[in-house]
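# Report on the structure
Spelled out from the first residue to the last, the chains are:
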Amino acid sequence: MRGALLTAAGLALAVLSAGCSPTYIYNPANYAKEYDPRKHEYVIGVGDQLRINVWRMGDLSSDALVRADGVITMPLIGDVQVAGKTPTQVREDLKRRLSEFVKDETAVITVAVTGINSYRFVVSGNVARAGIYASNYFVSVSEALALAGGPNQFASTDQILLIRMDSPGKFRHIPINYDDIASRKRPEQDLVLKAGDTVFVP
């Protein structure tokens, strides 16, 4: 996750260092169809804290921190890849893995995210405090800019880019007109950020 963040930040900074505004066709995305993490099950990431409970089997229940490699270690089961998966998906993985050792169909497994530490995003370019930010709640574009101290006097606030990685190594530029957000002319552009997004202010 951190590597993806740094890659996105590097792309944004490269555009800035070129000394000109980014060139792109202002063909607004269908903002209403953009991914909104609030409407989907949480995706576990590196640094998140999990509570895994196996009913009536306290020795198999544990708290687990998602390591930098996206893995947790469970009693009896061993290492389990969890980063990039939802709690439901992890629960099914654990159920399958546990069935190899425990032949008890009443062994109900629950997976709860007790600490959110992987929700990070980058704000770069002409803002007061560019950098990598973390939050334990979902943040919109305008909220991310506020956390970064807002656009500075050199900012082109009508040409902001939301740089989003749709798949590993493939980034998409979503045009954001902050002026239209602030005036409530186009509030739908105030998208909620996904972990790993970059807000670049030229």
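Before any of the text, the structure's been laid out above.
This text gives an overview of the structure that appears in the document. Only a predicted model underlies this, so the values are computations on that prediction, with no experimental measurement involved.

## Focus: the pattern of salt bridges
Any two side chains of opposite charge can pair if their charged atoms end up close together. Summed over all chains, the structure comprises eleven salt bridges. The residue Arg67 makes a salt bridge to Asp69 at a minimum N-O spacing of 3.1 Å. Linking Asp197 and Arg164 is a salt bridge whose minimum nitrogen-to-oxygen distance equals 2.7 Å. You can see Asp197 sitting in the loop between helix 4 (178-182) and strand 10 (198-201) and its partner Arg164 sitting in strand 8 (residues 160-167), a full 33 residues away along the chain. Within the structure, one salt-bridge network assembled from shared partners comprises Glu34, Arg164, Asp166, Arg172 and Asp197.

## Points about the sheet that holds strand 1 (residues 49-54)
Read across the sheet, three strands follow the order 2-1-5 without closing on themselves; strand pairing throughout is antiparallel. Strand pairing shows two members of the sheet lacking a second neighbour, strand 2 (62-65) and strand 5 (109-115), which therefore form its edges. Adjacent strand axes in the sheet meet at a mean angle of 25°, parallel and antiparallel pairs treated alike. Helix 2 (residues 87-98) rests against strand 1 and strand 5 of the sheet, and its axis sits at about 135° to strand 5.

## Things to note about the environment of Asn152
Positionally, Asn152 belongs in the loop between helix 3 (141-147) and strand 8. Asn152 sits 23 residues away from Arg129 along the chain, and the two C-alpha atoms are 9.3 Å apart. A polar contact is formed between the side chain of Asn152 and the backbone nitrogen of Phe154, at a distance of 2.9 Å.

What counts and how
- Residues numbered from 1 in each chain as written.
- Predicted model: local features only at pLDDT ≥ 70, side-chain atom pairs only at ≥ 80, totals over all residues.
- Heavy atoms only, no water.
- Salt bridge = Lys/Arg side-chain N within 4 Å of Asp/Glu carboxyl O.
- Helix = DSSP H or I, 4+ residues; strand = E, 2+ residues; numbered from the N terminus.
- Pairing = 2+ DSSP bridges.
- Axes fitted to C-alpha atoms, helices over the stretch in contact; angles between N-to-C directions.
- Contact = heavy atoms within 4.5 Å.
- Polar contact = N/O pair within 3.5 Å; in protein donor to acceptor, adjacent residues only side chain to side chain.

Interpretation note: all reported values are geometric properties and have no functional meaning in isolation.
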